[in-house]
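Structural description and commentary
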Amino acid sequence: MMTTEIKPANIEKFLEMLVDNVARIEMDTAELDDEQLAQGKDGEWSVTEILAHLRACDDVWTMTIQQMLVLDNPELPEIHPREWAKRMCYDQLDFDEMFTPFQLRRYELFRLLTSLDFEDWQRSCVINGRTHTVYSQMRRMALHEAKHCDDIEVLCRK
């Protein structure tokens with residue numbers, strides 16, 4: 001059973017996962033060139049397509065975290081990461097063009113999140129009728145990326 005309670009140990013665990021996810025991607029892809037990273041297998045997303053998806057999720061979910069931190073209980077529109085990726089033309093970028101900004105944004109997000117007081121983790125918003133907190137969005141991002149990091153590891157081994 002996954003722990004969802006907001007407590008310092010859980011915050012630390014998922015913050016560490018956010019950093020580890022980026023390191024995992026870097027390590028798994030270090031020996032591959034852009035052509036290899038762009039090759040999908042058996043109708044699955046390629047590593048580059050997975051990164052485009054992760055970058056879009058990071059963009060959208062980081063934006064909601066930032067809004068929760070500066071606005072009191074905002075009601076935010078739902079922005080689907082796949083639509084955001086299309087709008088940002090991530091499908092036109094190669095792996096390195098996406099990964100470097102992804103790394104930098106993660107560093108910025110990590111700096112922001114590690115500066116929060118405990119109460120800030122409970123700040124919330126409503127998206128599509130559902131309540132989210134800074135903690136739940138950060139946790140969601142960490143777990144979602146970890147799943148896709150597993151996919152990247154499998155693709156890089158083939």
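Parameters at a glance
- Every chain begins its residue count from 1, and numbering advances along the sequence as written.
- With the structure being a predicted model, the display of local features is reserved for residues of pLDDT at least 70 and the display and counting of side-chain atom pairs for 80 or more, all residues being used for whole-chain, interface and lining totals.
- Computation of side-chain values covers all heavy atoms of the structure but excludes hydrogens and water.
- Comment: elements are numbered from the N terminus, with helices defined as DSSP H or I runs of at least four residues and strands as E runs of at least two.
- In this description, a nonpolar core means a group of buried Ala, Val, Leu, Ile, Met, Phe, Trp, Tyr and Cys residues linked to one another through side-chain atoms lying within 4.5 Å.
- Type-normalised accessible area, obtained with a 1.4 Å probe on protein chains alone, sets the label of each residue: buried when under 20%, exposed when over 50%, and partly exposed for intermediate values.
- Two residues form a contact once any of their heavy atoms are found within 4.5 Å.
- Note on disulfides: each one is a pair of cysteine sulfur atoms within 2.5 Å.

Regarding the environment of Phe14
Position of Phe14 relative to the elements: it lies in helix α1 (residues 8-29). Taking the C-alpha atoms as reference points, Phe14 and Met141, 127 residues apart in sequence, are found 8.9 Å from one another.

Looking at the nonpolar core
Residues Leu18, Ile65, Leu113, Trp121, Val134 and Met138 are the most contacted members of the largest nonpolar core, which totals 24 residues. Broken down by secondary-structure element, the contributors of at least two residues to this core are α1, α3 (47-70), α5 (95-114), β2 (124-127) and α6 (134-157). Leaving out residues up to four positions away in the same chain, Leu18 has contacts with Arg106, Leu109, Leu113, Met138, Met141, Ala142 and Glu145. Val22, Leu37, Leu54 and Ile152 belong to the second-largest nonpolar core, a separate cluster that totals 19 residues.

Here we look at the state of the cysteines
This model, assessed by the stated rule, comprises zero disulfides. Here Cys57 is not cross-linked by a disulfide; its sulfur's nearest cysteine counterpart is in Cys149, at 12 Å. On the basis of relative accessibility, which here comes to 3%, the residue Cys57 falls in the buried class. Residue classification places Cys149 among the buried positions, given a relative accessible area of 1%.

On their own, these measurements won't tell you what the molecule is for.
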